[in-house]
Amino acid sequence: MSKTTETVRKTLRKRYRAERRFRAYGIASIAVGILAVVVLFTDIISKGLPAFTEAYIQVEVVYDADTLGVAVPASEEELMSANYRGVVRQSLYALFPEVDGRREKRALGDLVSSGAEYWMRDRLIENPSLINKSETVWLLADDTVDLFIKADDEQREGSRLNDRQREWVQTLEDDDRVEMRFNASLFTHGDSREPEQAGLWGAVAGSFFTMLVTLGLSFPIGVAAAVYLEEFAPKNRLTDFIEVNINNLAAVPSIIFGLLGLAIFIGLFGLPRSVPLVGGMVLTLMTLPTIIISARAAIKAVPPSIREAALGLGASRMQMVTHHVLPLAMPGMLTGAIIGMAQALGETAPLLMIGMVAFIVDIPGGPVSPATVLPVQIYLWADSPESSFVALTSAAIMVLLGFLIMMNTIAVVLRKRLERRW
Amino acid sequence: MQTGNLLLLMIALAGVAWFAGFRRSHAVSAPLGGIRFLHSLPTYYASLAMFWCVLPSMLLLGLWLIFDGAVVRHLVVEQLPVAIQPGSPVEYNLLLTKINNVASGALDSSNVDPAIVAASERLNTLNAQSQNLLTAVVIGVGVLGGMWGWTRVQPQLRARQRVERVVRWMLMLSASIAILTTVGIVMSVLFESIRFFQSVSITEFLFGLEWSPQTALRADQVAASGAFGAVPLFAGTLLISAIALTVAVPVGLMSAIYLAEYAHPRVRAFAKPTLEILAGVPTVVYGFFAALTVAPLIRGFGQSLGLDVASESALAAGLVMGVMIIPFVSSLADDVITAVPQAMRDGSLALGATQSETIKKVVIPAALPGIMGGVLLAASRAIGETMIVVMAAGLNANLTVNPLEAVTTVTVQIVTLLVGDQEFDSSKTLAAFALGLMLFLTTLALNVLAMHIVKKYREEYE
């Protein structure tokens, strides 16, 4: 047995152990990554699911004209500013006749959200004949009540309700006067300071207009730039410089684009703050590199024989591009555009810079009305002190992730369906 | 007319011009015996007429919108009585804001200087006049251009060549937007930074150890000027990025190696997209996760060990940022590892090396430039990351290397200085742009270095 063989024999076990260790590190790393995905999603979903339901309290209301402070055939102005709070409180006092004293009564009244008053106003304006009648209705509970009902015994200890309020809620629960319903206001309302009335619809609309502007600008510009660079650009310094710029811009931190938007679009051009138009323009600059790079890859994938055939039949270069190369490259370009849009939809930092963090209650009606977007809404809610906003934030994140998953699925399906191998 | 409506009208006008050009090209070719006697197809004549209608008027509209505000402001301020003529740029802006507020009705005009009220009225009339004039001029130019283009439709006109030249120019303009963006970024951060460095010296900014940008409300207040030493911010950024990279580089690299070298294709087909989900999650989600789940967890864990952990510890932000970067590192490393030719692995294995020895001694060295480039890109991303640190890191500058304490970063300060209403002139706002300049330069240097390493040290096989 030669010396080398002996050395190899001796060290072989050690080497095999090292091999197994190395593999184990690899498996552990992947496990860490997958664990992170699982933990992230379970955390968000377990926090967010409760926000999709809201507590309602059943009461008998009497639309007493005196309490409302309206004449009997009430005009619409009177109904707009009538004392609905009084009616709501009366109906609660009727449930707990033993409650006495101003503080106690106030505490009892706090169980119902102020949103119930708006609901009642709309109902009476629609059916003015209800005045001086009574009916059994479900009123939206305050977010502290909502949290208390959703919580388990241990969490209930930390509730912001006082002892009397807890007893009342307990009684209401025992009498089956509490019901959990789907939180429709989450998908129909704008932002609000009251968690139980806050909704995402304003942010979704803002995101929609911002994405509309972004797509409308970045797709045509990106495709045009890619066509130029792939099909027409002469090999010279300018072309090289453009390419270096595109590659660098792809790696510039997004917040820098926000500074650009603030200084140029708002400071220099004098465009308004907080509007989807400016947000869309900033996001366009940010996503352009992504779109250009993927569009170029799609154009490159079209085989030269197609171009040669077109040119050979007498087409001009522009005709060759518009009639043959672009239609064939379109699926790849669309996929790239959708991925770029998904990136833009999740982007927050540059939009903070151009003032899309304002507290906006109204649903934006167009690209020049003040708005916020989904990720910024998440940021705003995550910053809010009320603990109900934690669930709302997680719910908003679930909605955002839902949109992103949808867009990415469309991109994958599009790629599978339309991709052609040459 | 509102600019939006004007744009819609111009689109309609463009359609009319196109159609008119199309009709005329048929009309002029009819006596010759059909459109085959035209030089180009009718659509080219139509497009040419449309370009004549749209391009000059749109150019005019763009220029007008850019300069309109400045001209009107100048005209308004010029007319003010000498007594309240602004002396400094700050006064100028204050005055303008006041005039604007009176003009829009946000400020009650009853207890304001009558000269200002007059100026605001003038502002309103000038704005209205400018809008009317703009509408008239744009429509006029559009109609004239369209008519000119229409009259030019002649059988001999080389319409296709002309249209293609215009389109080519438009393509080139689109491509140069990349350059314009870079120029815009440099201009916006550079100019404001220069103004900042006029009031705060560069050396104080780069080497000062004190960061408290709160400018005083009164001149006689303590620390009235605010301190702008950015070293604690740089240190905080580096600390958090270092934590992130300590997580992301080993995990990302090892998972790339395992997926590329060991994993069964089915495992790979499942694990790779799952890891890439992490790259698609918006950063604001990570920020929420870091602030509400990871930070309390670390704090509780530290306290059970008897350690004092800040509720906004650098560790929490760094760890979550590391998780975010894992797929970035792993997909870049995966690309370069799979690019190493199989023959090199076969050679090493044939000599009796185990698989891990082959990877450590042959594959990694061959892929090293690409891996280094990937790590540098990951570092640049960690430094520029904003939302995680805004939500999970601290606000107060703190010069420390202890990951359990709260530190602040460059991006956090940019956001806190710029979010909310602010004038463009306070050194607080300008400081944000100076920080932006530093951030841009750092990430640019890292990106250029990464690309350089990849290009220069790439091993060429075959």
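Residues numbered from 1 in each chain as written. Chains lettered and ligands numbered in written order. Predicted model: local features only at pLDDT ≥ 70, side-chain atom pairs only at ≥ 80, totals over all residues. Heavy atoms only, no water.

**Student:** So what's going on with the domain arrangement of chain A? Residues and values would help.
**Tutor:** Split by domain assignment, chain A resolves into domain 1 (3–49), domain 2 (52–183) and domain 3 (201–418). A C-alpha centroid distance of 57 Å is found between domain 1 of chain A and domain 2 of chain A. (Domains from an automatic or database assignment.)

**Student:** Tell me about the interface of chain A and chain B, and name the residues and values.
**Tutor:** Each side of the interface is counted separately: chain A has 73 residues, and chain B has 78 residues. Together chain A and chain B conceal approximately 6500 Å² of surface at their shared face, both sides included; 78% is due to carbon and sulfur atoms. Considering only the side of chain A, the residues that lose the most area to chain B are F22(A), I30(A) and L40(A), jointly responsible for 10% of the buried surface there. Where chain A packs against chain B, one counts 1 salt bridge. Among the salt bridges present, the one from R15(A) reaches E357(B), with a minimum N-O distance of 2.8 Å. In this structure, the connection of chain A to chain B is made through 12 residue pairs in polar contact (both at pLDDT 80 or more). With 22 residues, the top contributor of residues to the side of chain A that touches chain B is helix 1 (residues 3–48) of chain A. (Contact = heavy atoms within 4.5 Å. Buried area = accessible area lost by both parts, 1.4 Å probe. Salt bridge = Lys/Arg side-chain N within 4 Å of Asp/Glu carboxyl O. Polar contact = N/O pair within 3.5 Å; in protein donor to acceptor, adjacent residues only side chain to side chain. Helix = DSSP H or I, 4+ residues; strand = E, 2+ residues; numbered from the N terminus.)

**Student:** Describe in detail helix 2 (residues 42–78) of chain B, supporting the description with residues and values.
**Tutor:** For helix 2 of chain B, which comprises 37 residues, the first-to-last C-alpha distance of 53 Å matches the rise-based estimate of 54 Å (1.5 Å per residue) to within 8%. Of all the bends in helix 2 of chain B, the greatest, near 40°, is centred on F67(B). (Expected span 1.5 Å × (residues − 1). Bend = angle between axes of the 7 residues up to and from the residue.)

**Student:** Describe in detail the environment of Y44(B), supporting the description with residues and values.
**Tutor:** Note that Y44(B) resides in helix 2. Those residues within four positions of Y44(B) in sequence are excluded, and the remaining contacts are Q319(A), A159(B), R160(B), V163(B) and E164(B).

**Student:** Summarise the nonpolar core; cite the residues concerned and give the values.
**Tutor:** Residues M333(A), W211(B), Y286(B), M321(B), I325(B) and I414(B) are the most contacted members of the largest nonpolar core, which totals 165 residues. Here I325(B) is in contact with A244(B), A248(B), A378(B) and A382(B), once residues within four sequence places are set aside. (Core = buried A, V, L, I, M, F, W, Y, C linked by side-chain atoms within 4.5 Å. Buried < 20%, exposed > 50% of the residue type's maximum accessible area, 1.4 Å probe, protein only.)

**Student:** Give me the lowdown on a nonpolar patch on the surface, citing residues and values where you can.
**Tutor:** On the surface, L268(A), F269(A), L59(B), L63(B), I66(B), F67(B), V71(B) and L75(B) cluster together into a nonpolar patch covering about 730 Å² of accessible area. Here the nonpolar patch gets 6 residues from one element, more than from any other, and that element is helix 2 of chain B. Here I66(B) shows up in helix 2. The exposure class of I66(B) is partly exposed, given its relative accessible area of 35%. (Patch = residues over 30% accessible without salt bridge, like charges linked within 9 Å, V, L, I, M, F, W, Y side chains within 5 Å. Areas by Shrake-Rupley, 256 points an atom, 1.4 Å probe, with all protein chains shown as cover.)

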